[in-house]
Amino acid sequence: MNNLKKICALILAVFMILTVAGCSKKPSWSYKTDNTSYAEGVYIYSLFSAYNEAYSILQEQLGDDFDATASILDITADFDGEEGKEGKILCRNWIENQADIITRNLVALDEKVLEYGITLDKTQVESARELAREDWYLGPYYEYYVASGYEATSYEDMLSPYGISFDSFFTSTYLASVKQSAIFDYLYGKGGTEEVSDKEIEDYFTENYTSYAYFTVNLYETSINTETNQQEYLPYSQELIDGVEKELKEYAKLINSGTAYTEVMYKYMKAHNIADNPTVYNIEILDNSALGEEVLEAVKDLKEGKATYLKVGTGDTSVMYFVTKFNIEDETEEYLKADGNRHTILQTLKADDFKTYLDGITESVKVEVNEKNIEKYNPAIFEENL
């Protein structure tokens, strides 16, 4: 999936929990600077976003005690976590405060783009507009929903009843992501005002990333039940399991004594008449890995250049994993050749610094707020169908 699409999907996915409600408003400005004015729809979208963030936080905090049929607005909670700076505050107030911060951040991005003399890449902007248009008129993950036999919900149907236009939606999401990315590159990219050196990126990569590979061997057979026409899974006998374990043990010995993984894999594929290499290769920060806990621990415990095997699951769901870890320094040059990989590491490396930067410019941005218009919008409009 397009990286921009991934980023924006995280921002937008939470909105699916609401039922469309409310009334449309004639757009006029909500926030403005000497350079730009922002439609009311931009603020309404910020309010909507803040409401959904609050909803998600309360749902997680309250667990089984969360009542999806009741208003969240009069709940008092700590929205910044156990050590939150704000302490416990009324949900309604937090939503309004957060909507103001979200909108000020959009303003701050525009002001910095102008101040730094950044010219947004036209191709990226148009690509972002097309992605936004697809979600606006068709709905996010339209192809997936249709292919699965479900009806997709467009953002036009979801958001326009609140007075949010396509332009406000685009400005607040996809276009904002393009601006944020451009500012990030201006600061930390090649030739940036706070350029991160190749050496710093290489050091971060070798210290935090792990290169490993694995393949799996099922410890069960499959067959079709002739009476039900359903697939059945029949666990291996202990004798067959012992045979798989013995084979993988020999392969691990080869790698641990210095044989290259590719040679061992060739032997395995030849022995079992396998045409396609079953290996899964990964280079990642293990704390962010999607690996199962048992396999993850096995990778963490391995020394570079070594291999091991382990059984995961029981009965008709059990599999054997064969895992090997490579020398990360041997991967550095080739991995960082790809601009996408380098940029991903750069984003990870500077994530905290950039967040601090964004918080700073958001807090200090000079903007005029149309209080008369803002006060017309109450987060209760998102609960009219409760």
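About the cut-offs
- Residues numbered from 1 in each chain as written.
- Predicted model: local features only at pLDDT ≥ 70, side-chain atom pairs only at ≥ 80, totals over all residues.
- Heavy atoms only, no water.
- Helix = DSSP H or I, 4+ residues; strand = E, 2+ residues; numbered from the N terminus.
- Contact = heavy atoms within 4.5 Å.
- Areas by Shrake-Rupley, 256 points an atom, 1.4 Å probe, with all protein chains shown as cover.
- Lys, Arg positive; Asp, Glu negative; His and termini not counted.
- Charge placed at Lys NZ, Arg CZ, Asp CG, Glu CD.
- Pairing = 2+ DSSP bridges.
- Axes fitted to C-alpha atoms, helices over the stretch in contact; angles between N-to-C directions.
- Parallel < 35°, antiparallel > 145°, perpendicular 65-115°, else oblique.
- Left-handed = near helix turned anticlockwise from the far one by under 90°.
- Buried < 20%, exposed > 50% of the residue type's maximum accessible area, 1.4 Å probe, protein only.
- Arc of directions from axis to C-beta.
- Salt bridge = Lys/Arg side-chain N within 4 Å of Asp/Glu carboxyl O.
- Phe/Tyr/Trp six-rings, centres within 6.5 Å; stacked < 30°, edge-to-face > 60°.
- Lys NZ or Arg CZ within 6 Å of the ring centre and 35° of its normal.

S.K.: Can you walk me through the overall build of the chain in this structure?
M.R.: Check the secondary structure of the chain and you find 16 helices and eleven strands. Overall, the chain is about 75 × 60 × 40 Å in size when its C-alpha atoms are taken along their principal axes. Of the contacts formed within the chain by residues at least 6 apart in sequence, a portion of 68% connects residues at least 24 apart. A total accessible area of about 21,900 Å² is found for the chain, and carbon and sulfur atoms account for 46% of it. When the 33 basic and 69 acidic side-chain charges of the chain are each reduced to a single mean position, those positions are 4 Å apart.

S.K.: Explain the sheet that holds strand β11 (residues 368–369) to me, please; I cannot follow it from the model alone.
M.R.: Pairing between the strands of a sheet is mediated by backbone hydrogen bonds and can be parallel or antiparallel. Pairing within the open sheet is antiparallel, and its three strands lie in the order β2-β1-β11. The open sheet has two free edges, formed respectively by β2 (37–39) and β11, since each of these has just one partner strand. Where strand β1 (residues 29–32) lies against β2, three bridges are found, and the strand directions are antiparallel. What sits directly across from tryptophan 29, in β2, is alanine 39. Running at roughly 65° to β2, helix α2 (residues 40–62) makes contact with β1 and β2 of the sheet. The strands touched by helix α3 (residues 91–115) are β1, β2 and β11; relative to β1, the strand with the most contacts, the crossing angle is about 55°.

S.K.: Where do I start with the packing of α2 against α3 in this structure?
M.R.: A packed helix pair is summarised by two numbers, namely the angle formed by the two axes and the spacing between the axes. The contact between α2 and α3 brings their axes to 8 Å, and the two run at 130°. Here α2 lies oblique to α3, going by the angle between them. Both α2 and α3 take part in a crossing whose hand is right-handed. Judged by residue contacts, Val42, Tyr43, Ser46, Leu47, Ser49, Ala50, Tyr51, Glu53, Ala54, Ile57 and Leu58 of α2 engage Cys91, Trp94, Ile95, Glu96, Gln98, Ala99, Asp100, Ile102, Thr103 and Leu106 from α3.

S.K.: I would appreciate a short explanation of helix α9 (residues 198–208) in the present structure.
M.R.: Every α-helix winds through 3.6 residues per turn, so residues three or four apart in the chain are directed the same way. Among all positions of α9, only Ile201, Tyr204 and Phe205 are buried. Projected down its long axis, α9 carries its buried residues within an arc of 100°, all on one side. What points out from α9, more than 90 degrees from its buried face, is the exposed set Lys199 and Glu207. At its buried positions, α9 is contacted by β8 (280–284), α13 (328–337) and α14 (339–349).

S.K.: I keep staring at the sheet that holds strand β5 (residues 210–218) and nothing clicks. Help me out?
M.R.: The strand order across the open sheet built from four strands is β8-β5-β10-β9, with neighbouring strands paired in antiparallel fashion. Taken across any chain shown, the strands that pair with only one partner, and hence form the sheet edges, are β8 and β9 (307–312). Mean inter-strand twist for the sheet, computed between neighbouring axes without regard to direction, equals 25°. In the packing of helix α10 (residues 238–256) onto the sheet, the strands contacted are β5, β9 and β10 (319–326), and the crossing angle to β10 comes to about 5°. The sheet strands contacting helix α12 (residues 293–301) are β5, β9 and β10, and the helix crosses β9 at an angle near 165°.

S.K.: Could you clarify how one ought to interpret the pattern of salt bridges in this entry?
M.R.: Pairing is possible between side chains that carry opposite charge, provided their charged atoms lie close to one another. Evaluated as defined, the whole model comprises 15 salt bridges. Its salt-bridge partner being aspartate 74, residue arginine 92 comes within 3.3 Å of it at the nearest N-O pair. Here arginine 92 is found in helix α3, whereas its partner aspartate 74 is found in the loop between α2 and β3 (76–78), with 18 residues between them in sequence. When its relative accessible area of 22% is taken as the criterion, arginine 92 is described as partly exposed. The exposed category is assigned to aspartate 74, whose relative accessible area is 55%. Among the salt bridges present, the one from aspartate 198 reaches lysine 190, with a minimum N-O distance of 3.0 Å. A relative accessible area of 38% places aspartate 198 in the partly exposed class. The exposed category is assigned to lysine 190, whose relative accessible area is 56%. One salt-bridge network, in which partners are shared between bridges, spans Lys190, Asp198 and Arg342.

S.K.: Please clarify how the pairing of β5 should be interpreted in this entry.
M.R.: Walk down a regular strand and you will see the side chains alternate between the two sheet faces. Counting buried residues along β5, seven of its nine residues qualify, which places the element largely inside the surrounding structure. In the sheet, β5 pairs with β8 via five bridges, with the strands oriented antiparallel. Across the sheet, the residue bridging to tyrosine 212 is asparagine 282, located in β8. Bridge analysis of β5 against β10 gives eight bridges, and the strand direction is antiparallel. Bridge assignment links tyrosine 212 to a residue of β10, and that residue is lysine 325.

S.K.: Would you mind going over the packing of aromatic side chains with me for this structure?
M.R.: Any pair of aromatic rings gets described here by the distance separating the centres and the angle formed by the planes. By the definition in use, this model includes 32 aromatic pairs. Ring geometry for tyrosine 214 and tyrosine 321: centres 5.5 Å apart, planes at 45°, overall tilted. Of this pair, tyrosine 214 sits in strand β5 while tyrosine 321 sits in strand β10, and the two are 107 residues apart along the sequence. For tyrosine 321, a relative accessible area of 18% puts it in the buried group. One aromatic cluster is present, built from ring pairs that chain together Tyr45, Trp136, Tyr155, Phe166, Phe169, Phe170 and Tyr174. Of note, lysine 32 hangs over the ring of tryptophan 29, and the distance from its end group to the ring centre comes to 4.6 Å.

S.K.: Looking at this structure, how should I read the environment of methionine 320?
M.R.: Considering the arrangement of structural elements, one finds methionine 320 in strand β10. Sequence-wise, methionine 320 and alanine 213 are 107 residues apart; in three dimensions their C-alpha atoms are separated by 14 Å. Setting aside residues no more than four positions away along its own chain, methionine 320 makes contact with Phe215, Thr216, Val217, Leu219, Ile241, Val244, Glu245, Leu248, Tyr309, Leu310 and Lys311.

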